[in-house]
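# Working through the structure, step by step
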Amino acid sequence: MKCVKCRDKAVVHIRRHNSAFCSVCFQQYFTNQVARTIKEDRMFTHDDRVLVAVSGGKDSLALWDVLLNLGYDTAGLHIHQGIFAYSAASFEKTTRFAEGRGVKLITIDLAAEGDLDIPGVASSTRRTQCSACGVIKRHYFNKVAVEGGFTILATGHNLDDEAARLLGNVLRWQSAYLAAQSPVLEATHPRLAKKVKPLYRLSEYETAAYAFLRGIDYIVEECPFSHDAIQLHYKEALNQLEHRSPGTKQSFVQGFMREGRKAFAATTSVQLKVCSSCGYPTTGDVCGFCRLQQEVHKAKAGARK
Ligand code: AMP
Ligand code: ZN
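To keep things clear, this report deals only with the structure shown in the data block.

### Some words on the sheet that holds strand β7 (residues 184-185)
A sheet is described by the order of its strands in space; here 6 strands give the open sequence β5-β4-β3-β6-β8-β7, paired in mixed fashion. What marks the edges here is a single partner per strand, and that holds for β5 (105-109) and β7. Pairing geometry for strand β3 (residues 49-53) and strand β4 (residues 73-80), over 5 bridges, is parallel. Looking across to β4, one finds that L51 is bridged to A75. Lying on the sheet, helix α2 (residues 58-69) is in contact with β3, β4, β5 and β6 (152-154); it crosses β3 at an angle near 155 degrees. Helix α3 (residues 84-101) contacts β4 and β5 of the sheet and is inclined by roughly 165 degrees relative to β4.

### Concerning the site of ligand 1
Close to ligand 1 lie 13 residues, the nearest being A53, V54, L77, I79 and G156. Here a nitrogen atom of ligand 1 sits 3.4 Å away from a polar atom, N or O, in the main chain of V54. Contacts to ligand 1 include I79, whose backbone N or O atom sits 2.9 Å from a nitrogen atom. The protein chains hide 76% of the 480 Å² of surface that ligand 1 would expose on its own. Where the shell around ligand 1 is concerned, the elements lending two or more residues are β4 and α5 (129-147). At 3 residues, the largest contribution of residues to the shell around ligand 1 is made by β4.

Rules of the game
Residues numbered from 1 in each chain as written. Chains lettered and ligands numbered in written order. Predicted model: local features only at pLDDT ≥ 70, side-chain atom pairs only at ≥ 80, totals over all residues. Heavy atoms only, no water. Pairing = 2+ DSSP bridges. Helix = DSSP H or I, 4+ residues; strand = E, 2+ residues; numbered from the N terminus. Contact = heavy atoms within 4.5 Å. Axes fitted to C-alpha atoms, helices over the stretch in contact; angles between N-to-C directions. Near = heavy atom within 4 Å. Polar contact = N/O pair within 3.5 Å; in protein donor to acceptor, adjacent residues only side chain to side chain. Areas by Shrake-Rupley, 256 points an atom, 1.4 Å probe, with all protein chains shown as cover.

Here is the structure:
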């Protein structure tokens, strides 16, 4: 098969667009897609300071790479989760990338933040690793962005992630989650950063191909706890549908953004308050992060008695 742009030998085949690209033209296509998404979805401009949440995986490193090539003002944020060899390797891949590009990386070490490393939190509270990790990561993503004067927090979620999340939310008709599922979440409070997902129109296959062709060294292993099995089943089911009918994931996600989300957003109104403990916005009196932190402290105090 030949590249649709230059007729050279194609190395990446995108079935949903019925097109194929050589290495150089694919990188150009990928970069253009990200640039277009940022513009069309009004994510940010070259005047914004963008904090990119980088895990050391292919998606977030590919995202940071593209944003740097497009000349955006960025810094990276890596959360060291204390998950044994997996976190050590993730940290190493992320720091190597930042050093190689000469760009700023902020690191939060959860073990040093009052024993918030994920294995410790899961064993001292009754939470699963994944639910604790989600609450903690979201808190630091926002806090570091707000306190560091960043106007934007960008994550590497791709089309497969968004389609799987949408399917899960639809199967259980989680209307509040459906109302909030968007590649752009505006800063509706002075202590909330605007959150964006510039890769949401590109598939996991495309981000993997981009990272590989750019020579980005990323962590291939999945988090040993991440077998948030249900999410993986949704991805498998969507892959089967996509195989039969290329473009399914894209029309599912983009159709929802165009047609569905508005309807859910219109029925849900969220009243934001300020957490009495940390001062960040929440819907209750004390935010989920502070409640988790209190549980960890209580468990530690109990263990010392
Ligand atoms: P996940 O929830 O692991 O699929 O990750 C989704 C996105 O969250 C990634 O693309 C990153 O942008 C961000 N992310 C995940 N883990 C970390 C981490 N340990 N540090 C910083 N950002 C992360
Ligand atoms: Zn709080």
